[in-house]
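# Results of the structural survey
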Amino acid sequence: MSNANVTNDEVAVRARALIEADVSARVNAVVAIAEAAKQNDAADARLKQAIKDAEVALKESSNAHAAAWKAALSARWTEKELRATGVRPPGTSTPKVRKRRAAPAVTDAPNE
């Protein structure tokens, strides 16, 4: 399958082009991995910062809740009276919302 009209220099040029194309594709794959890893690291850092910010906000709001509860008690409200208003005391979790069950499907088939 050799072509007698092709010189050794032409064959070498073609071989180099094939090798360089393969090397470029491989290098591009590694560059894509590096870029994806950099984006992943940045997203992870944003997530960690958001968690820290949320924890700080939670701590501050928990302190404000406790202070407001204490202020209400100082204003001569009793815990029983406060609970009767529907407010939660500090340190208790939010009541869970129950999901409604789906109604059974109604079919249009006639009863026989």
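Above this note sits the structure.
Let me begin by describing the structure that accompanies this report. Sequence order as written defines residue numbering, which begins from 1 separately in each chain. A pLDDT threshold of at least 70 governs which residues receive local features in this predicted model, and a stricter bar of 80 or more applies before side-chain atom pairs are shown or counted, although totals over entire chains, interfaces and linings include all residues. Excluding hydrogens and water, the side-chain figures rest on all heavy atoms present in the structure.

## Side note on the overall build of the chain
Counting its regular elements, the chain contains two helices and zero strands. With the radius of gyration taken over C-alpha atoms, the globule rule is written as 2.2 Å times the number of residues to the power 0.38. Scaling as 2.2 N^0.38, a compact globule of 112 residues should have a C-alpha radius of gyration of about 13 Å, whereas the chain reaches 35 Å, well beyond that. Note on classification: 1.4 Å probe, protein chains only; a residue is buried when its accessible area is under 20% of the maximum for its type, exposed when over 50%, partly exposed between these limits. Each of the 112 residues in the chain was classed as buried or not, and the buried ones make up 4%. When the accessible surface of the chain is summed, it comes to about 10,700 Å², and 57% of that surface belongs to carbon and sulfur atoms. Where the 18 positive side-chain charges of the chain centre and where its 14 negative ones centre are 15 Å apart. Helix numbers and strand numbers start at the N terminus; a helix is a DSSP run of H or I with at least 4 residues, a strand a run of E with at least 2. Per-residue and other accessible areas were derived by the Shrake-Rupley procedure at a 1.4 Å probe size, with only the shown protein chains allowed to occlude residues. Under the counting rule used here, the positive set is Lys and Arg, the negative set is Asp and Glu, and His together with the chain ends is not counted. Where a charge lies is defined by one atom per residue type: Lys uses NZ, Arg uses CZ, Asp uses CG and Glu uses CD.

## Side note on a nonpolar patch on the surface
Only residues whose relative accessible area exceeds 30% and that form no salt bridge enter a patch; like-charged residues are grouped when within 9 Å of one another, and nonpolar side chains (Val, Leu, Ile, Met, Phe, Trp, Tyr) when within 5 Å. By definition, a salt bridge exists where a carboxyl oxygen of Asp or Glu is found within 4 Å of a side-chain nitrogen of Lys or Arg. A contiguous nonpolar surface patch, about 340 Å² in accessible area, is contributed by I19, V23, V27 and V31. By the element assignment, V31 lies in helix α1 (residues 8-74).

## Comments concerning the environment of A67
Secondary-structure assignment places A67 in helix α1. Remark: the alpha-carbon pair of A67 and K48, spanning 19 residues in sequence, is separated by 29 Å.

## Some remarks on the environment of N63
Summarising the element assignment, N63 is placed in helix α1. Linking N63 and P90, residues 27 residues apart in sequence, is a C-alpha distance of 8.6 Å.

## Some details on the pattern of salt bridges
Within this structure, the stated rule accounts for three salt bridges. Here D44 makes a salt bridge to K48, at a shortest N to O gap of 3.1 Å. Of this pair, D44 and K48 both sit in helix α1, four residues apart, which is roughly one turn of that helix. Classification of D44 as partly exposed rests on a relative accessible area of 34%. Judged by its relative accessible area of 49%, K48 falls in the partly exposed class. Among the ionic pairs, E79 bridges to R83, the shortest N-O distance being 3.6 Å. Of the two residues, E79 and R83 both sit in helix α2 (residues 79-84), four residues apart, roughly one turn of that helix. Classification of R83 as partly exposed rests on a relative accessible area of 45%.

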